[in-house]
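Fold and contact review
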Amino acid sequence: MRHLPHLKDLSSAEIKDILQRASTIKQSPAEYRSLLAAHSLAMLFQKTSTRTRVSFEVAMTELGGHGVYVDWTTSNFVLSGIEHETEYLSRNVSGIMARLLHHSDLQKIMGASQVPVINGCDEKFHPCQALTDVLTMMEHFDGDIANASIAYVGIQNNVSNSMAIICDKLGIDLRLGTPPADDNGESRDADVDAIIDRRGYHTADPREAVDGADFVYTDTWIDMQYFNNPDHKEENDAKLKKMMPYQLSRSLIGDADVRIMHDMPIHDGFEIETELVRDPRSVIYLQAENRLHAQKGLLWWLFEQADLVGK
Ligand code: CP
């Protein structure tokens, strides 16, 4: 059975197929109101979310199905074995989307599930975000997306890992303008490291990264579970200081003809200068809206792979 733990196992044709389905439904949503009729998606969350939860739940509703929110801490996932709870879930739903702290737990869920599993973001990968990002780029780029260039400035993490994978698959020019010796922390992945080395994606100079790019992109410097955690205050403060030269700012991009992206949530004044969020060049809210459309394309494709919907 096909799952979506990351984008490594998808061919470029499959990625384009998902994006095409997303675009098709976005253009004619009324024609797909019954696509997933009588199907349910369990949406399991160990961490906070706005976009991932809302977009998957609304996607299921608008495709004629149903999204079931399962909070890790108030369900029996918190006290039983992850495999037992997953096996049960998969006997009542057609798919599972999980946002987890650890990719190793996603692998346990995939091992125990009888239905397709989607990674809704863990410490290493955020595949649904990368699909959304390229869908957004395609809408704001004239011509073949393989001719586009995107500069990701900030910190290497689950979002930049997924961008590296999808850009490698689709031949998009990616520049990762991130600190030298950025060891990626818990998000580090050997396959992503190999892509970055092979493609020469990395530069420690954010100005070199953004020079001539069609898109500039940033993400929070501190993972959501640590942002407001008083136990991480010292570490967070040190990281914010180290990262300020990598802020996406007016000084960095000047008047360049570029589209500004951020996957949200935004931490104003840290990874992005507040004024840039609503700059005329910003596509940030369109990008966030596209989570809904990308989820629909993905659900259609993945459920079809599992013979849950007709071809
Ligand atoms: N970009 C993203 O995944 O948003 P949420 O954390 O709000 O789901």
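Some points on unusual backbone geometry
The amide bond that connects M264 to the next residue, P265, takes the cis arrangement and shows omega of 5 degrees. One can find P265 in the loop between strand 9 (259–262) and helix 12 (274–277). Even without a glycine there, the phi angle at D307 is positive, about 60 degrees. Secondary-structure assignment places D307 in the segment after helix 13 (284–305).

As for the sheet that holds strand 8 (residues 215–218)
Pairing between the strands of a sheet is mediated by backbone hydrogen bonds and can be parallel or antiparallel. Judged by pairing direction, the sheet is parallel, and its five strands sit side by side in the order 7-6-5-8-9 without closing on themselves. Of all strands in the sheet, those with a lone pairing partner are strand 7 (202–203) and strand 9, marking the two edges. Looking at chain direction, strand 8 and strand 9 are connected through four bridges and run parallel. Bridge pairing in strand 9 links V216 to I260. Across the sheet, helix 13 touches strand 8 and strand 9, and the angle it forms with strand 9 is around 50 degrees.

Focus: the site of the ligand
Near the ligand lie 11 residues; those nearest to it are S49, T50, T52, R99 and H126. One of the side-chain N or O atoms of S49 is found 2.7 Å from an oxygen atom in the ligand. When grouped by side-chain class, the residues that make up the shell around the ligand number two nonpolar, five polar and four charged.

Regarding the side chain of E14
Positionally, E14 belongs in helix 1 (residues 12–27). At 3.0 Å, the side chain of E14 and the backbone nitrogen of S11 are in polar contact. When neighbours within four sequence positions are excluded, E14 is seen to be in contact with R2, D9 and W301.

Observations concerning the pattern of salt bridges
Tallied over the full model, the rule gives 19 salt bridges. Between R91 and E87 there is a salt bridge, with the nearest N and O atoms lying 2.8 Å from each other. Linking R91 with E87, this pair stays in helix 3 (residues 82–92), spanning four residues, or about one helical turn. Between D105 and K108 there is a salt bridge whose closest N-O contact spans 3.5 Å. Of this pair, D105 and K108 both sit in helix 4 (residues 103–112), three residues apart, which is roughly one turn of the helix. Assessed through its relative accessible area of 37%, K108 is described here as partly exposed. One connected set of salt bridges, linked through shared partners, spans K8, D189 and D191.

A look at the nonpolar core
F56, I118, M137, I150, I166, L298 and L299 are the most contacted members of the largest nonpolar core, which has 58 residues in total. The greatest single-element share of this core, amounting to eight residues, is contributed by helix 13. Apart from the residues lying within four places of it in its own chain, the contact partners of L298 are L4, I18, F56, I118, C128 and L131. Counting 18 residues, the second-largest nonpolar core is a separate cluster that includes V210, A213, I253 and A288.

Examining the packing of aromatic side chains
The final tally for this structure, using the stated rule, is five aromatic pairs. Taking the centre distance of 5.2 Å and the plane angle of 50 degrees together, the rings of Y32 and W300 count as tilted. With a gap of 268 residues between them, Y32 in the loop between helix 1 and strand 1 (40–45) and W300 in helix 13 connect regions that are remote in the sequence. Its relative accessible area of 14% is what places Y32 among the buried residues. Look at W300 and you get buried, because its relative accessible area is 14%. Here F141 and F215 contribute two aromatic rings whose centre-to-centre distance is 6.5 Å and whose plane-to-plane angle is 45 degrees, an arrangement assigned as tilted. Taken together, the residues F141 in the loop between helix 5 (127–139) and strand 5 (149–153) and F215 in strand 8 connect sequence positions 74 residues apart. The two residues F141 and F215 agree in class, both being buried. For R21, the ring lying beneath its charged end belongs to W300, and the centroid distance is 4.8 Å. The ring of Y69 carries R53 above its face, with NZ or CZ at 3.8 Å from the centroid.

Scoring rules and cut-offs
Residues numbered from 1 in each chain as written. Predicted model: local features only at pLDDT ≥ 70, side-chain atom pairs only at ≥ 80, totals over all residues. Heavy atoms only, no water. Helix = DSSP H or I, 4+ residues; strand = E, 2+ residues; numbered from the N terminus. Pairing = 2+ DSSP bridges. Contact = heavy atoms within 4.5 Å. Axes fitted to C-alpha atoms, helices over the stretch in contact; angles between N-to-C directions. Near = heavy atom within 4 Å. Polar contact = N/O pair within 3.5 Å; in protein donor to acceptor, adjacent residues only side chain to side chain. Nonpolar A, V, L, I, M, F, W, Y, C, P; charged D, E, K, R; others polar. Salt bridge = Lys/Arg side-chain N within 4 Å of Asp/Glu carboxyl O. Buried < 20%, exposed > 50% of the residue type's maximum accessible area, 1.4 Å probe, protein only. Core = buried A, V, L, I, M, F, W, Y, C linked by side-chain atoms within 4.5 Å. Phe/Tyr/Trp six-rings, centres within 6.5 Å; stacked < 30°, edge-to-face > 60°. Lys NZ or Arg CZ within 6 Å of the ring centre and 35° of its normal.

By themselves, these observations are geometric and do not establish any function.
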